[in-house]
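Now for the letters of each chain:
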Amino acid sequence: KNLDLVGMNLQESSSVSVSEQPRKKLVGGAVLRFAGAIVCLIVGVISWIVMAELLQGLFKQYPQPYFLAYWIHSWYAVCYILWKVWREFPGNCQCNSSGDGALDWKKAFWVSAVVGVLGLASAYCWYLSLTRTSIPANTAIYQSAVAFVFVLSVPILRERITAVKVVSVIFAMVGVSLISKFSENDNSSSVKNTALGFVYLVISTVLYALLEVVFKKWATFKGDPSATCNGLRFVGLMGIHSLLWMWPPILILHYTFQPFCWPSPEVLKLMFVNAALDIFFNCAIFLCIALSSPLFASVGVVTAIPLSVAVDFVINRKTANCLVYLGMGLIAIGFAGFCISEFI
């Protein structure tokens, strides 16, 4: 009897240890996804702020917003070359054994075409807004995409609605509103806000929110063994579509509203820098979406606002209203609450 009891205890303990192993793997996987998403957000936020500052100066020297959008988005095709190198690199067994992962070629081709058009149109409207809005106001309005992403994610992505998520989004949006309102009233900025600038911003914001949801719905898959590799391939295909199909508006604008001229060598250098920053930004955000969700990525990118206020102060010597700092605090609380809701 004693031996039977010992055997039963050993079986129970072994079954517990076996059941705990998958649980530990799941927890470890969630932590890695969270860490990866945070790293991607940091890269995206830094790229965004530097790009916004450089583009404002670039437009003064070269006011060709559509060609800038076409130029930058066409350079995404470089990511396709990186994908080929990654996929064929000796010893990359995870990628080679899974082929192209969960994203088949047919779906990758047409979804990247749709997302590429949405992205270029959104970028064009955003570029038009940069010379008509200050950086904090521009960033604040653009990051209100979180509200549109939330609305679209519920029916399309079946996003769970929880009290913490709702309150976190509200906090972030109130913070965005405070910064937008009280940075607009400040006359010390070198760039003045205009109604037309905000119209361009709203259009750009809605298009980018739709882009994120479409990407998550049809271009990412849970448990994809080649998620990072597929992200590079997807961005590369976006660049190829832009390069091949999106050049006609340059001719239309040339003969109607905006005669085309080739940039000077100095401007061309800035354009290369901005293309690199934009590639970093979009790759980081797409990978963040693949690791988490469009809503998490949108709320996370909102944290660009405090950094944009600091950068605007350093470069333009623009002081902030005390309510701007309150808005920054609300954004931080909202993002922290969303992290708790999403991963804990």
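Basis of the calculations
- Residues numbered from 1 in each chain as written.
- Predicted model: local features only at pLDDT ≥ 70, side-chain atom pairs only at ≥ 80, totals over all residues.
- Heavy atoms only, no water.
- Helix = DSSP H or I, 4+ residues; strand = E, 2+ residues; numbered from the N terminus.
- Buried < 20%, exposed > 50% of the residue type's maximum accessible area, 1.4 Å probe, protein only.
- Contact = heavy atoms within 4.5 Å.
- Salt bridge = Lys/Arg side-chain N within 4 Å of Asp/Glu carboxyl O.
- Axes fitted to C-alpha atoms, helices over the stretch in contact; angles between N-to-C directions.
- Left-handed = near helix turned anticlockwise from the far one by under 90°.
- Nonpolar A, V, L, I, M, F, W, Y, C, P; charged D, E, K, R; others polar.
- Core = buried A, V, L, I, M, F, W, Y, C linked by side-chain atoms within 4.5 Å.

Participant: Can you walk me through the overall build of the chain in this structure?
Facilitator: Scanning the chain from terminus to terminus reveals 15 helices and zero strands. The buried share of the chain, taken over its 344 residues, is 47%. Taking contacts inside the chain between residues at least 6 apart in sequence as the whole, the part at least 24 apart equals 90%.

Participant: How should I be thinking about the pattern of salt bridges in this particular structure?
Facilitator: Between side chains of opposite charge, pairing is possible as soon as their charged atoms come close. A full pass over the atoms with the stated rule returns one salt bridge. Of the charged contacts, one joins Glu159 and Lys165 as a salt bridge, the two residues approaching to 2.4 Å between their closest N and O atoms. Judged by its relative accessible area of 3%, Lys165 falls in the buried class.

Participant: How should the packing of helix α3 (residues 78–88) against helix α10 (residues 227–245) be read in this particular structure?
Facilitator: Two quantities define a packed helix pair, namely the angle between the axes and the distance from one axis to the other. One way to put it is that α3 packs onto α10 with a least axis distance of 7 Å and a crossing angle of 150 degrees. Every pair of crossing elements has a handedness; the one defined by α3 and α10 is left-handed. Between α3 and α10, the contacting residues are Cys79, Tyr80, Leu82, Trp83, Trp86 and Arg87 on the first element and Thr228, Cys229, Leu232, Arg233, Val235, Gly236, Leu237 and Ile240 on the second. When its residues are assigned to classes, the contact of α3 with α10 shows ten nonpolar, two polar and two charged.

Participant: I keep staring at the environment of Phe335 and nothing clicks. Help me out?
Facilitator: Position of Phe335 among the secondary structure elements: in helix α15 (residues 322–343). Spatially, the C-alpha atoms of Phe335 and Val299 are 6.1 Å apart, while their sequence positions differ by 36 residues. Non-local contacts of Phe335, meaning those with residues more than four positions away in its chain, are made with Ile38, Leu41, Phe296, Val299, Gly300 and Thr303.

Participant: I keep staring at the nonpolar core and nothing clicks. Help me out?
Facilitator: Soluble globular proteins tend to bury their nonpolar side chains together. The biggest cluster of nonpolar side chains holds 80 residues, and the ones touching the most others in it are Trp126, Tyr127 and Met271. Sort the elements by how many residues they give to this core and helix α12 (residues 265–291) lands first, with twelve residues. With residues near it in sequence (within four places) discarded, Trp126 still touches Trp48, Met51, Ala52, Leu55, Asn138, Tyr142, Leu201 and Ser204. If you look at the next biggest cluster of nonpolar residues, it comprises eight residues, including Ile179, Ile305, Val324 and Met328.

By themselves these figures say nothing about function.
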